[in-house]
Amino acid sequence: MLELGGNTLEPRENLSLPIHIKPFRVRSAEAWSSFLSGEHELRALMAEPDRAAVSETLAERCAGLLAPAFANPAFELGHNGERYELILTPEGDRTRLFQLAYFRKQAPRELLERWNIQVGRTQSTSFILRMYGRDIALEDVQVWVENTEGGVGLELYCEKLRSAPREERYMLYILLDQALGEIAAMRYVDYLDLLEEAKPGKSMTLNQLAGYIAAEVDPEGWPQAGDPELACRRYTAYEGKPSEDGELVPRRDIFAGVTCCIPLIQSYFQGDSYYMDQLGQDGIFPGFFYYSLEGVDPKTVLDLRDQLEQAITARCGEGVVTFTGGATGTEMGYLDFIAWDLKILLDSAAEVFAGAPVNWAAFHTFRQDAEGIGLKLEQEDAL
């Protein structure tokens, strides 16, 4: 059981300890059960000769089947000639990518006999987009490319959209997802500008962009660029400047860290709770453990973090947590995660920290306006 100052914590509805909300681990199981029982209706609708006439009904029915897990599911349905396809789209949101990769992994085996469940739109070099009365192919889009560190920056222009309203020019984002694959586009495109006029300088057409990235940017990684689970394990190192005001505030003492989910780190330091709000409505809670480094040999700080991660994972069991990185501060160590079942995670972590060589430990969501929750207290001045 969780303890704070020796008192057992009861579940309560607040931002600091949101364990009263049904966890995504449970919601995922319920959604897949729902989908399995109703997917025959989707197949029947997709077999209708006039697909356009039933498209709205099809989308509504699929959304209803997925509703136990997702407040706002984004998906596409199709048939590749052999199997039916459910495409779960992260819509450029890296935090949602973690959610969809987790959900896909929980799909029932019997469902996979008839369905391909995939995360992100797949690459299609011959794709033609028909929207707003226009037909636009990848060859119709010019691309100016700037290499960045491990990726590319892009400027796109399409003559067919020259006089189109800006909302129609957003068709280019869909075309980019088709040219690279949605997951690869999230992985490699560091910035994207839509041009109102063509510019001088060397350009290529959008259907050539994938070949350029495969040859010039990441020859080794490109073959797995569309794998959502691998995309969720791409880590980025970052540095911080520790606060010198003497106040012991979580994450303000960090001087070095690593993460595979940059948006959570950025939004926390900016005081922005957008991702927490979006994930929280589905029972998903990103957060971090922080603990005292007093008395810990500096040479063993990283080993200690790895050991804590392994011990908590083992005690939780499968499907409870995904660890996303960690950081080292002048006073505290940090272990970051996305919790699929926060209550199980915190109970397991409290047991692990009870035997860990740290003076105290606590939990915090990625909300600046939340409070820390103690998991182990041995000092009166602990957070």
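Look up: the structure comes first, before these words.
Calculation criteria
Residues numbered from 1 in each chain as written. Predicted model: local features only at pLDDT ≥ 70, side-chain atom pairs only at ≥ 80, totals over all residues. Heavy atoms only, no water. Core = buried A, V, L, I, M, F, W, Y, C linked by side-chain atoms within 4.5 Å. Buried < 20%, exposed > 50% of the residue type's maximum accessible area, 1.4 Å probe, protein only. Helix = DSSP H or I, 4+ residues; strand = E, 2+ residues; numbered from the N terminus. Contact = heavy atoms within 4.5 Å. Pairing = 2+ DSSP bridges. Axes fitted to C-alpha atoms, helices over the stretch in contact; angles between N-to-C directions. Expected span 1.5 Å × (residues − 1). Arc of directions from axis to C-beta.

Caption draft 1: Main features of the nonpolar core. Counting 53 residues, the largest nonpolar core has Phe-35, Leu-66, Leu-86, Phe-103 and Trp-115 as its most contacted members. Tallying contributions element by element places helix H1 (residues 24-46) first for this core, with seven residues. Sequence-distant contacts of Phe-103, that is, excluding residues within four places in its chain, are made with Phe-24, Ser-28, Ala-31, Trp-32, Leu-66, Ala-69, Phe-70 and Leu-88. Counting 32 residues, the second-largest nonpolar core is a separate cluster that includes Ala-184, Val-189, Leu-192 and Val-217.

Caption draft 2: Representation of the side chain of Ser-34 in the model. As for its placement among the helices and strands, Ser-34 is situated in helix H1. In this structure Ser-34 comes out as buried when scored by relative accessible area, which is 16%. Setting aside residues up to four positions removed in sequence, Ser-34 forms contacts with Gly-64, Leu-65 and Pro-68.

Caption draft 3: A look at the sheet that holds strand E14 (residues 285-292). Pairing within the open sheet is antiparallel, and its seven strands lie in the order E12-E13-E15-E16-E14-E17-E18. The open sheet has two edge strands with one neighbour each: strand E12 (236-239) and strand E18 (373-376). Pairs of neighbouring strands in the sheet enclose a mean axial angle of 20 degrees, with direction left out of account. Where E14 lies against strand E16 (residues 332-339), eight bridges are found, and the strand directions are antiparallel.

Caption draft 4: Looking closely at helix H11 (residues 301-316). With 16 residues, H11 extends 23 Å between its outermost C-alpha atoms, agreeing within 8% with the 22 Å of an ideal straight helix rising 1.5 Å per residue. Residues of H11 that are buried: Val-301, Leu-304, Arg-305, Leu-308, Ile-312 and Cys-316. Projection of H11 onto a plane perpendicular to its axis shows the buried side chains occupying an angular sector of 100 degrees, all on one side. In H11, the exposed residues that point more than 90 degrees away from the buried face are Gln-310 and Ala-314. In this structure, the buried residues of H11 make contact with strand E13 (254-259), E14, strand E15 (321-329), E16 and helix H12 (342-354). With its phi angle positive at about 90 degrees, Gly-317 sits one or two positions after the end of H11.

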